[in-house]
Amino acid sequence: MYRESEIVELKQELNKNIKKEIVAFANSKGGTIYIGINDDGNVIGLKNINEDVEALSGMIREGIIGNLTLYTSIDTKFIENKNIIELHITSGPKKPYYLADKGLKPNGVYLRHGSSSIQATDEIIRKMLVESSYQKYEDEICKNQDLTFNYTKDFFKNKNIDFSKNKYNSLKMLTGENYNNLALLLSDQNPFTIKCAIFEGKDKTIFKDRKELKGSSIKIIEDAFYYMNLSNHIESNFEGLQRIDKKDYPDFALRESLLNAVIHRDYYFDGSILLSIFDDRIEINSIGGLINNLTLEDIYSGVSNSRNPNFAEIFHRLNYVENYGTGIGRIIKEYKDNEKKPIIELSENVFKIILPNRNYKEKNITKINKNLSKEENIIEFLKVNDRMTRADVESLLNIGNTRSKQIINNMLEKDIILKKGTGKNTYYMLK
């Protein structure tokens, strides 16, 4: 037996007044309207169900201001040998919704109260407008409801954190009963990527490598951090008998810059985060400037205001970030003994952070000494520059790829030089 309640409305037949009930559910907690069942819960049925479904769809699209097509579903049921319509309405994210022919005033805006739909007051309408203005991307219902979370689930499991379905609500992945955009960002279907590139030298003239990272936001962060560390070499120096190892980039600076770019970007815009690796620096470009009138000085002083707070909380649970705005300050602190400091560049739609390579030294490109052998010229170059690539050998000696490989291999066999790095990130140092 059917009975009306705060989330159930019964209608014997389809009529225009049903729009009021739809608006009320959308402005409240959501609910279901059964059409073809009378107030006593008896199944009456509909004679022209296909026409009623079409008419109902038109009412939702044209009779209500605020697009509810994504937040309603129309199903037909065959009960007691009779046809009825089951209309499910989800609580809408951009309230208030109102009747098109009445406008944004009390007789056009309705709320659900008990088993009745009542007019909203002017005060309630104003409150809904204010709350709607704070609607965030992560809270909106995702257009794709066929999401999977294979990578994120395994990642949480490895961290001994529960990621079962009964936790989706507490993780703020649901709006009503539907996946929201926060769930999309954590899903295997996440459409936002990071485009990575390694360039030869200090500009974008020659690509050494490029890659686009896809998948769950957690996956692309893990993959991007691994990609950056392939270019994060260690330089060793000695102070007396003590060996001092120093990476090109502090691990914390790489991780925090990457997390900031992913967590705080503006997901209303399409496009990828850009990760560019040069000989002397790493640049990370994220989409979206500062929010809520924050300034660059605010950021340096530790003021924090997240564009995607629930998304940030996920990474806080994973112990990836702190919630106290200390990230940028700690990045700067990692460079306290370095002449060049990290740089933040802002525009209306871009947040860029530039991390200097702490071990980078400007190459002193010497001319070849014709009185020395090719190997001796390489040794002299390395005395000045500490390291060199195969491209440096070719440029210095004015030789081709094959010949440079032969000379380098001969010097390796003689234990004159050491090979560092792998693949396109290979370089050589004096032994």
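Draft legend 1. A look at the nonpolar core. In terms of nonpolar packing, the biggest core is built from 57 residues, with F149, I194, F311 and F315 touching the most fellow members. Per-element accounting of this core gives the leading share, 8 residues, to helix α7 (residues 251-263).

Draft legend 2. Examining the side chain of S187 more closely. With respect to the helices and strands, the residue S187 is situated in the loop between α5 (181-186) and β11 (194-199). Look at S187 and you get buried, because its relative accessible area is 0%. There is a polar contact of 3.2 Å between the side chain of S187 and the backbone nitrogen of Q189. Not counting residues within four places of it along the chain, the set of residues in contact with S187 comprises L147, T148, F149, G215 and S216.

Draft legend 3. Quick look at the packing of helix α6 (residues 217-229) against α7. Axis separation between α6 and α7 bottoms out at 10 Å; the angle between their running directions is 145°. In this structure, α6 crosses over α7, and the sense of that crossing is right-handed. Where α6 approaches α7, its residues S217, I221, A224, F225, M228 and N229 are matched on the opposing element by D251, L254, R255, L258, L259 and V262. Each residue belonging to the contact of α6 with α7 can be placed in one class, and the counts come to 8 nonpolar, 2 polar and 2 charged.

Draft legend 4. Region of the structure containing the environment of S28. As for its placement among the helices and strands, S28 is situated in the loop between α1 (18-26) and β2 (30-35). A C-alpha to C-alpha distance of 9.9 Å links S28 and S117, two positions 89 residues apart in sequence. Setting aside residues no more than four positions away along its own chain, S28 makes contact with S91, K95, L111 and R112. Here A24 takes part through its backbone oxygen, which lies 2.9 Å from a polar atom of the side chain of S28. At 2.8 Å, the side chain of S28 and the backbone nitrogen of R112 are in polar contact.

Draft legend 5. Focus on α7. For α7, spanning 13 residues, the distance from its first C-alpha to its last is 18 Å, which sits close to the expected 18 Å at 1.5 Å a residue. For α7, the buried fraction is high: 11 of the 13 residues fall into the buried class. For α7, the complete set of buried residues consists of F252, A253, L254, E256, S257, L258, L259, N260, A261, V262 and I263.

Draft legend 6. Main features of the packing of aromatic side chains. Applying the stated rule across the entire model yields 18 aromatic pairs. Both rings, one in F199 and one in F207, keep their centres 4.7 Å apart while their planes meet at 40°; by these two values the pair is tilted. We classify F207 as partly exposed; its relative accessible area is 37%. Between F315 and Y320, the ring centres sit 6.2 Å apart and the planes meet at 40°, which makes this aromatic pair tilted. With respect to class, F315 is no different from Y320; both count as buried. In textbook terms, an aromatic cluster arises when at least three aromatic residues are bridged by ring pairs, as seen for Y137, Y151, F155, F192, Y267, Y268, F311, F315 and Y320. Between R330 and the ring centre of F252, over which it is positioned, the NZ or CZ distance is 3.9 Å. Over the ring of Y427 we find R387; its NZ or CZ atom is 4.2 Å from the centre of that ring.

Draft legend 7. Molecular detail of helix α9 (residues 309-317). Listed in full, the buried residues belonging to α9 are N310, F311, A312, I314 and F315. Looking at the buried residues of α9, the elements they touch are α4 (150-158), α5, α6 and α7. Note on α9: the residue one or two positions beyond its end, N319, has a positive phi of about 60°.

Draft legend 8. Highlighting the sheet that holds strand β15 (residues 273-277). Spatial ordering of the open sheet is given by β12-β11-β15-β16-β18-β17, a layout of 6 strands whose pairing is mixed. Of all the strands in the sheet, the pair left with one neighbour each is β12 (207-213) and β17 (343-346). Going across the sheet, the axis of each strand differs from the next one's by a mean of 15°, ignoring polarity. Bridging between β11 and β15 involves 5 bridges; their strand directions are parallel. In the sheet register, C196 faces β15, and the bridge partner there is L275. Contacts between α6 and the sheet are confined to β11, β12, β15 and β16 (281-287), with β12 contributing the most and set at about 165° to the helix. Contacting β11, β15, β16 and β18 (350-356), α7 crosses the sheet at an angle of about 20° to β16.

Draft legend 9. Examining the sheet that holds β2 more closely. Reading across from one edge, β1-β2-β5-β4 is the order of the 4 strands in this open sheet, with mixed pairing throughout. Whereas interior strands pair on both sides, the edge strands pair on one side only; in this sheet they are β1 (8-11) and β4 (72-79). Strand after strand, the sheet turns through a mean of 20° between neighbouring axes, direction not considered. Two elements, β2 and strand β5 (residues 82-90), share 6 bridges in a ladder whose sense is antiparallel. Bridge assignment links Y34 to a residue of β5, and that residue is E86. On top of the sheet, α1 reaches β1, β2 and β5; it is set at about 155° to β2, its chief contact.

Draft legend 10. Summary view of unusual backbone geometry. For the peptide bond that leads from K95 to P96, omega is 5°, which places it in the cis range. A positive phi angle is found at N81, which is not glycine, with a value near 65°. Structurally, N81 is set in the loop between β4 and β5. A relative accessible area of 67% means that N81 is categorised as exposed. Unusually for a residue other than glycine, N160 sits at a positive phi of about 60°. Of note, N160 is situated in the loop between α4 and β9 (174-175). By relative accessible area, which is 74% here, N160 ends up exposed.

Analysis parameters
- Residues numbered from 1 in each chain as written.
- Predicted model: local features only at pLDDT ≥ 70, side-chain atom pairs only at ≥ 80, totals over all residues.
- Heavy atoms only, no water.
- Core = buried A, V, L, I, M, F, W, Y, C linked by side-chain atoms within 4.5 Å.
- Buried < 20%, exposed > 50% of the residue type's maximum accessible area, 1.4 Å probe, protein only.
- Helix = DSSP H or I, 4+ residues; strand = E, 2+ residues; numbered from the N terminus.
- Polar contact = N/O pair within 3.5 Å; in protein donor to acceptor, adjacent residues only side chain to side chain.
- Contact = heavy atoms within 4.5 Å.
- Axes fitted to C-alpha atoms, helices over the stretch in contact; angles between N-to-C directions.
- Left-handed = near helix turned anticlockwise from the far one by under 90°.
- Nonpolar A, V, L, I, M, F, W, Y, C, P; charged D, E, K, R; others polar.
- Expected span 1.5 Å × (residues − 1).
- Phe/Tyr/Trp six-rings, centres within 6.5 Å; stacked < 30°, edge-to-face > 60°.
- Lys NZ or Arg CZ within 6 Å of the ring centre and 35° of its normal.
- Pairing = 2+ DSSP bridges.

Read these as geometric descriptors, not functional statements.
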